[in-house]
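Working through the structure, step by step
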Amino acid sequence: MQEWAGPFCQNRTQSSELSNPNCTQPSANYTNYINFTQPKMPLPHLTLPSLPLPNFTLPNLTLPNLPSVPNVLRVPSPRALFLDCSSVLDHGVWSGVCGCCGALRPRYKRLVDNIFPEDPEDGLVKANMEKLTFYALSAPEKLDRIGAYLSERLSRDVARHRYGYVCIAMEALDQLLMACHCQSINLFVESFLTMVRKLLEADKPNLQILGTNSFVKFANIEEDTASYHRSYDFFISRFSEMCHSGYEDPDIRTKIRMAGIRGLQGVVRKTVNDELQANIWDPQHMDKIVPSLLFNLQQDQIPDRCAEGDKDGTVDLTERCLRELLGRAVYGNIKNAVKPVLMHLDNHSLWEGKSFAVRCFKIIMYSIQSQHSHLVIQQLLGHLDANSKSSATVRGGIVEVISEAAVIEASGSIGPTVLEVFNTLLKQLRLSVDYELGGGCSGSGGGGGLLRVQEERQLQESVIRTVGSFAGTLPTYQRSEVMLFIMGKIPVPGMYPTLGSSNSGFEGSRMIQIMLLKSLLQVTVGFQTTNMLTALPSSFLDPLLSFTLMEDAEIRLLVLEILISLIDRHENQLKFSLRVLTDISVLKLKMDKCSRQDNLFMKKHSQRLYRHVYLACREENSEQQHFQSLFTLLGLICVELANEEVVVDLIRLALALQDLAVTEEALPVFNRCAVHALSAAYLNLISQLTTVPTFCQHVHEVIELRQKEFPFLLPEGVFAEAEKLPEKLEKVEKVEGEFLFSQSKIAETLGGSGYNSDRLVTPYIPQITEEDRLSKRKSIVDTISLQLDVESRLSPEKEQKSPAEQITFESLKQAIADGVCVEEQERERRRLVVERFQTAPFEEIAAHCGARASLLQNKLNQIFEITIRPPPSPSGSIGNGSGPSRSVPVYEMKFPDLCVY
């Protein structure tokens, strides 16, 4: 062995020196080989294996002037030998002697080792990194081996706490990822993700942040081919955990949380468009991602130390990440993304504050695609139903969020569940009324009764505003459907007697009527249509007008406001004020010519409108707001829907109201004076709109006389001195003559201008229909009794002709007196019946109703017996007079032969 190794080493050394002509002394390696007999450190005992020597003869070389080299075995220096041994131990290279020699190791390992400097503070060796990158691009099949080797080195450096080399390894990996885009990168990515995972599992915050940064760079790479064997479950869990970091140092805690947010953002980018990956929208992933983002988004709501540090940066980054996540959601993923938000708000009691919940859903509504926004509304409504027994503050917070979301959703569409939206809101309104009157729900707070009532009323106002917000997003035709839907929910007198629960009773029905009418008023705000006939069909207008005859003043006022909102199409309602103006041009009213559809609407419904206005003025509990609303309603009819015939009828109505104030002595003094003032102000308005000089002159003369003698008959006087009016009762009785508007003079002045003078002369007398009497009733008992009375009067047994009665003055006077007494008796009877049905036991009520039902059935049987006559017998038998003729069945009839075939 010595004989062969000596000349080999000698020739190798001489050749190296020949290649360097400037060399005058032996090289450093050569010197190390010489001095191997005096090592600086003990060398390990090496036993060289016996190798079969080849049978060859070295050529004789003549080398001039070469120093003599002893024929001994050349051994590497101790340091080089130690590094080679360490490499053997680290990488498990046991393939013979070649593993101990660094020059004979695989090229990719030597290239990887060369990028690491001796001092990690020097950073990555850029020149060697370029060689490694070029090699990876030239031989992409080696990428997986490069990645595995880098992963081994990084794991060893992390275990030995050599963090400088860890940073260098990650930097090298990042550069290789950015440079190599080929099909073989998938195997390299596995090694990369293993290294990132190793860093994220470390306890050092810097290593976690380093691993997150590398993962984010990897997430921004668009790969050419998809990978089905990767799993990101660990990264989702780890990044979510980092988002909830509770590190002591606020600055480091903020950095860790931001790293977690960016990591989740990278996971979403990498997986949301990869069909071969596990679905990121699955509940198991969304339940981790969404609450982590909401937790950091909530930090600006928390004033303690948890929100210190780079708070604004964290919140802004979280909001961007949440918007990006929701912006990538499609139709089938919206529910999975919104459900964790609802659960987070429930678990942390964030509905009550409203501001954070509203902010979250504003982000959601602005981020998702507009055509999917109705799905969010639908989930909110379902969540509201699920929290029906929660406290009023929680339900109010959800309703407030729904209201804000509806405003944002205006650009899209609510979807096919429009009526379902309003049905849910009206249901919550009804439940709130029941809770307010019946003692609250199981989920209510422990506050007192007054606090609970106040919270329920705030909830009711929120629901009403939400109904208006939804209605504002709908087109006209859908808004008309919603109006009909709400009207069907209102307990109409005589049709839907009660709507509240058994605990709320009649007061509950009244409150529900008021709440639903307020909701209907919100729907009609801004309602504009060119065809009033189709927008306000009889099925809606008839039950609405019936409420103008209710005894409750608040209900009547709401109905008047609804009518005003429906008729006003040019925003004129705020310009009408119950006062006398010498020049109405200052009002700057917007007027259009009455269309053909408006004329048809007035022909069909005008008389009903006039009649309800007239009867509303007869109510004793009307206040200033009622008369103001009546004046606005009449003014809008004159401006929006008036033609020549309508103007004549409106003048007749104003004069009829004046007669009502003069003759109706049962009305309080305030009401009589207010009706006088309403008539005067309206005649002043309509006279200036008709622009007939003589008409205007007559109206101004009467107004000037009243200002001098009876100022309380004008709006400015009656409402300013309402408390002093009872003292002026005698003066009200003496109002006559020139202080009243003359119907004959008005007819004469307008007749010369082309108006129908014959119709103007005819006084307006409203007809009291059965509906008006029915509207005053409050319970189903009165309705049944009314029906029985009508049927009994129509019974054939009662059809007896009474002799003609002579009508005299005394009989008329007695009839009027009897009518008042009868009306009082009827009122008392109704009160007793209602009281009995509210307080009597169920058995007694059932027995009473059963008797009524049997009586009704007997009456029906009598009617059927009289009206349904037996058919004549075809056989011709008339009877022998001993008994009634018997009807022969068809199968017993004897037909002539010609009729049988």
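A few points on the structure. These numbers come from a predicted model, not from an experiment.

Procedures and definitions
Residues numbered from 1 in each chain as written. Predicted model: local features only at pLDDT ≥ 70, side-chain atom pairs only at ≥ 80, totals over all residues. Heavy atoms only, no water. Helix = DSSP H or I, 4+ residues; strand = E, 2+ residues; numbered from the N terminus. Contact = heavy atoms within 4.5 Å. Areas by Shrake-Rupley, 256 points an atom, 1.4 Å probe, with all protein chains shown as cover. Phe/Tyr/Trp six-rings, centres within 6.5 Å; stacked < 30°, edge-to-face > 60°. Lys NZ or Arg CZ within 6 Å of the ring centre and 35° of its normal. Buried < 20%, exposed > 50% of the residue type's maximum accessible area, 1.4 Å probe, protein only. Axes fitted to C-alpha atoms, helices over the stretch in contact; angles between N-to-C directions. Parallel < 35°, antiparallel > 145°, perpendicular 65-115°, else oblique. Left-handed = near helix turned anticlockwise from the far one by under 90°. Nonpolar A, V, L, I, M, F, W, Y, C, P; charged D, E, K, R; others polar.

1. Looking at the overall build of the protein
Looking only at helices and strands, one finds 37 helices and 0 strands in the protein. Partitioning the intrachain contacts of the protein with sequence separation of at least 6 by distance along the chain shows that 75% fall at a separation of at least 24. Roughly 48,000 Å² of accessible area belongs to the protein as shown, and the carbon and sulfur atoms make up 53% of that amount.

2. Thoughts on the packing of aromatic side chains
Taken as a whole, this structure holds 18 aromatic pairs when the rule is applied. These aromatic residues form a ring-pair network of at least three members: Phe 192, Phe 215, Phe 218, Tyr 232, Phe 234, Phe 235 and Phe 239. One Lys or Arg, Arg 197, reaches over the ring of Phe 234 and ends 4.3 Å from the middle of that ring. The lysine or arginine in question, Lys 270, covers the ring of Phe 218, its NZ or CZ lying 4.4 Å from the ring centre.

3. Observations concerning unusual backbone geometry
Trans peptide bonds make up the majority, and among non-glycine residues the majority have a negative phi. For Lys 588, which is not glycine, the phi torsion reads 55° and is therefore positive. Position of Lys 588 among the secondary structure elements: in the loop between α24 (553–567) and α25 (596–616). For Thr 691, which is not a glycine, the phi torsion comes out positive at approximately 55°. Its place among the elements puts Thr 691 in the loop between α28 (669–690) and α29 (693–709). On the basis of relative accessibility, which here comes to 61%, the residue Thr 691 falls in the exposed class.

4. So, the packing of helix α18 (residues 418–438) against helix α19 (residues 449–472)
For any two helices packed against each other, one specifies the crossing angle of their axes together with the interaxial distance. Relative to each other, α18 and α19 sit at 165°, their axes nearing to 9 Å. Classified by the interaxial angle, the pair formed by α18 and α19 is roughly antiparallel. Note that α18 runs across α19; the crossing there is left-handed. In this structure, α18 contributes Val 421, Phe 422, Leu 425, Leu 429, Ser 432, Val 433, Tyr 435 and Glu 436 to the contact, and α19 contributes Arg 452, Val 453, Glu 456, Arg 457, Leu 459, Gln 460, Val 463, Ile 464, Thr 466, Val 467, Phe 470 and Ala 471. Taken together, the residues that form the contact of α18 with α19 break down as 13 nonpolar, 3 polar and 4 charged.

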